[in-house]
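This is what each chain is made of:
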Amino acid sequence: MRLLRGLSQRGLAERCTALGRPMTNIALSRTERARRHCDVDDLVAIASALGVSPISLLTTSEAAPRG
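Being a predicted model, the structure only gives us computed values, none of them experimental.

1. Quick look at the environment of R21
Piece 1. Secondary-structure assignment places R21 in the loop between α1 (9–18) and α2 (25–32).
Piece 2. Residue R21 is classed as partly exposed on the basis of its relative accessible area, which comes to 25%.
Piece 3. Remark: the alpha-carbon pair of R21 and A45, spanning 24 residues in sequence, is separated by 6.4 Å.
Piece 4. With near-sequence residues (within four places) excluded, R21 lies in contact with C16, D39, D41, D42 and A45.

2. A word on the nonpolar core
Piece 1. With twelve residues, the main nonpolar core is built from L7, L12, C16, M23, A27, L28, A45, I46, A47, A49, L50 and V52.
Piece 2. Broken down by secondary-structure element, the contributors of at least two residues to this core are α1, α2 and α3 (40–50).
Piece 3. When residues in this core are grouped by element, the largest group, five residues, is from α3.
Piece 4. When sequence neighbours within four positions are dropped, the list of residues in contact with V52 reads M1, R5, A47 and L57.

3. Here we look at unusual backbone geometry
Piece 1. Phi at A34 is positive, roughly 60 degrees, even though this residue is not glycine.
Piece 2. Inspection of the secondary structure puts A34 in the loop between α2 and α3.

4. As for the pattern of salt bridges
Piece 1. Counted according to the given criterion, the structure contains five salt bridges.
Piece 2. Put simply, D39 and R21 hold a salt bridge, and the shortest N to O gap is 3.0 Å. Of this pair, D39 sits in the loop between α2 and α3 while R21 is found in the loop between α1 and α2, placing the two residues 18 residues apart along the sequence.
Piece 3. Judged by relative accessible area, which is 27%, D39 ranks as partly exposed.
Piece 4. Where salt bridges share partners, they join R21, R36, D39, D41 and D42 into one cluster.

Conventions adopted
- Residues numbered from 1 in each chain as written.
- Predicted model: local features only at pLDDT ≥ 70, side-chain atom pairs only at ≥ 80, totals over all residues.
- Heavy atoms only, no water.
- Helix = DSSP H or I, 4+ residues; strand = E, 2+ residues; numbered from the N terminus.
- Buried < 20%, exposed > 50% of the residue type's maximum accessible area, 1.4 Å probe, protein only.
- Contact = heavy atoms within 4.5 Å.
- Core = buried A, V, L, I, M, F, W, Y, C linked by side-chain atoms within 4.5 Å.
- Salt bridge = Lys/Arg side-chain N within 4 Å of Asp/Glu carboxyl O.

Rendered as structure tokens:
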């Protein structure tokens, strides 16, 4: 979803921080790679920063870009 929006990890982390949920690009990278626990507050902040619903981040699609 982040890539579809044309955002870097740093850009998305900055948006989350601006929304009141401090996040680094390293934390976001680890979350994307399932190397870090994503709590509900993180999920809501990331979804809000991307302009999507949290549920859309929980569902997978075979056509979704990876990387």
